[in-house]
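Structural overview for review
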Amino acid sequence: QAGNVPVIFDEHHLSEVQNTASEEKLDRVVDSMKESKVALIGEGNVALRVPSSDTLSPCPRRKLDLFANVVHVKSLPGYQTRHNNLDLVIIREQTEGEYSSLEHEVPAAPPQFHREFHREFHREFHRIRESTASPMEGLGFGDGIPPMFAAGTFPAFPAFPTFPFQLVQNPYQFDVLVMPNLYGNIVDNLAAGLVGGAGVVPGESYSAEYAVFELGARHPFAQAVGRNIANPTAMLLSASNMLRHLNLEFHSNMISDAVKKVIKGGKVSAGQRGG
């Protein structure tokens with residue numbers, strides 16, 4: 001409203017914490033997202049547990065086939081962190097794999113899960129290097145990016161078996177990280193900590209038809225409930241990215257520039273900051 005942004009929202013309130021979650025409400029949210037093609041959502045979980053039952057419902061990500069999650073981890077001047085001037089992109093598969101509730105049990109055998117790593121990546125960010133990460137040496141069958149992918153697609157940039165250590169010790173060596181579902185979720189949160197915490201990193205998810213903008217690090221901050229101390233930076237920057245997606249560059253820059261100016265000034269501070 002303050003920036004006179006020419007966007008009208010169809011608002012939906014759905015919360016497990018406030019016991020306002022149901023299958024019907026989730027369906028209405030998904031229908032609205034399908035109609036609008038673009039959405040801005042708050043903190044969401046992988047699956048919605050309906051209060052009146054023990055069943056899990058597929059979250060909007062799977063219902064909309066939001067197979068690609070993009071998180072741009074970038075340092076914000078004004079936040080004092082161990083590493084400065086970081087700028088890397090994490091691209092995560094998020095509709096299949098170990099974190100998607102797509103699994104089955106084979107009689108007299110360990111549980112198995114379905115997984116497939118999407119192999120197409122459009123270089124819209126004009127990035128330089130791409131890396132994959134997976135503990136392939138320990139889980140050659142039940143886990144790990146297929147060797148043909150890790151070794152064949154980007155032969156100049158092989159998988160990093162000690163990836164978490166590498167990311168924390170020297171994150172500057174990475175530019176674009178192509179991750180499977182579970183590891184991508186872990187790395188999203190880890191990388192957010194490098195630039196100031198879960199409250200400062202925006203994210204976005206894509207299917208062939210839809211674009212959903214959300215927190216880049218889906219890290220619950222239960223201690224903030226009712227205390228008015230959660231950091232709104234990630235949501236504001238996600239909204240800015242949404243406006244850029246809608247070709248509203250002026251309004252997008254207005255919001256992101258204002259956020260960055262406040263952070264750099266250091267006079268106003270959110271409770272969750274500093275890594």
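In what follows, the accompanying structure is described. (Residues numbered from 1 in each chain as written. Predicted model: local features only at pLDDT ≥ 70, side-chain atom pairs only at ≥ 80, totals over all residues. Heavy atoms only, no water.)

1. Notes on the overall build of the protein chain
- A tally of helices and strands in the protein chain yields 7 helices and 11 strands.
- Here the protein chain holds 275 residues, and 41% of them are scored as buried.
- If you take every contact in the protein chain between residues at least 6 apart in sequence, the share linking residues at least 24 apart comes to 67%.
- A total of about 15600 Å² of accessible surface is found on the protein chain, and carbon and sulfur atoms cover 56% of it. (Helix = DSSP H or I, 4+ residues; strand = E, 2+ residues; numbered from the N terminus. Buried < 20%, exposed > 50% of the residue type's maximum accessible area, 1.4 Å probe, protein only. Contact = heavy atoms within 4.5 Å. Areas by Shrake-Rupley, 256 points an atom, 1.4 Å probe, with all protein chains shown as cover.)

2. Let's talk about the packing of aromatic side chains
- Taken as a whole and judged by the stated rule, the model has 1 aromatic pair.
- Ring geometry for Tyr-206 against Phe-213: centres 6.3 Å apart, planes inclined by 85°, an arrangement best described as edge-to-face. (Phe/Tyr/Trp six-rings, centres within 6.5 Å; stacked < 30°, edge-to-face > 60°.)

3. Some remarks on helix H7 (residues 249-265)
- The first and last C-alpha atoms of H7 sit 24 Å apart over 17 residues, in line with the 24 Å expected at 1.5 Å per residue.
- Where H7 is buried, its residues contact helix H6 (233-245).
- Looking at the residues trailing H7, positive phi occurs at Gly-266, about 75°. (Expected span 1.5 Å × (residues − 1).)

4. Side note on unusual backbone geometry
- Despite not being glycine, Asp-65 shows a phi value in the positive range, around 55°.
- Position of Asp-65 among the secondary structure elements: in the loop between helix H2 (60-63) and strand E4 (68-74).
- By relative accessible area, Asp-65 is classed as partly exposed at 41%.
- The backbone phi angle of Asn-85 is positive, close to 60°, even though this residue is not glycine.
- Mapped onto the elements of the fold, Asn-85 is located in the loop between E4 and strand E5 (87-93).

5. Quick word on the packing of H6 against H7
- With their axes 7 Å apart at the nearest point, H6 and H7 run at an angle of 160° to one another. Comparing the axis directions of H6 and H7 gives the class roughly antiparallel. As for the relative orientation of H6 and H7, their crossing is left-handed in sense. Here Thr-233, Leu-236, Leu-237, Ser-240, Asn-241, Leu-243 and Arg-244 of H6 lie close against H7, whose contacting residues are Glu-249, His-251, Ser-252, Asn-253, Ile-255, Ser-256, Val-259 and Ile-263.
- For the contact of H6 with H7, the residue count by class is 6 nonpolar, 7 polar and 2 charged. (Axes fitted to C-alpha atoms, helices over the stretch in contact; angles between N-to-C directions. Parallel < 35°, antiparallel > 145°, perpendicular 65-115°, else oblique. Left-handed = near helix turned anticlockwise from the far one by under 90°. Nonpolar A, V, L, I, M, F, W, Y, C, P; charged D, E, K, R; others polar.)

6. Quick word on a negative patch on the surface
- A surface patch of negative charge is lined by Asp-10, Glu-11, Asp-31 and Glu-35.
- With respect to the element layout, Asp-31 can be found in helix H1 (residues 23-36). (Patch = residues over 30% accessible without salt bridge, like charges linked within 9 Å, V, L, I, M, F, W, Y side chains within 5 Å. Salt bridge = Lys/Arg side-chain N within 4 Å of Asp/Glu carboxyl O. Lys, Arg positive; Asp, Glu negative; His and termini not counted. Charge placed at Lys NZ, Arg CZ, Asp CG, Glu CD.)

7. Notes on H1
- Its 14 residues place the ends of H1 20 Å apart at the C-alpha level, agreeing with the 20 Å of an ideal helix rising 1.5 Å per residue.
- Looking only at H1, the buried set comprises Leu-26, Val-29, Val-30, Ser-32 and Met-33. Viewed along the axis of H1, the buried residues span an arc of 160°, placing them on a single side of the element. Projecting away from the buried face of H1 at angles above 90 degrees are the exposed residues Glu-24 and Glu-35. (Arc of directions from axis to C-beta.)

8. Comments concerning the pattern of salt bridges
- This structure, assessed with the given rule, holds 3 salt bridges.
- Note that Lys-63 is salt-bridged to Asp-27, the shortest N-O span being 2.9 Å. Here Lys-63, found in helix H2, pairs with Asp-27, found in helix H1; they are 36 residues apart in sequence, far enough to count as distant.
- Of the residues examined, Asp-27 reaches a relative accessible area of 34% and is grouped as partly exposed.
- Glu-209 serves as the salt-bridge partner of Lys-37, at 3.2 Å between the closest nitrogen and oxygen. Taken together, the residues span a long stretch of sequence, with Lys-37 in the loop between H1 and strand E1 (38-40) and Glu-209 in the loop between strand E10 (202-206) and strand E11 (211-215) at a distance of 172 residues.
- According to the relative accessible area criterion, Lys-37 is partly exposed, its value standing at 36%.

By themselves, these figures tell us nothing about what the structure is for.
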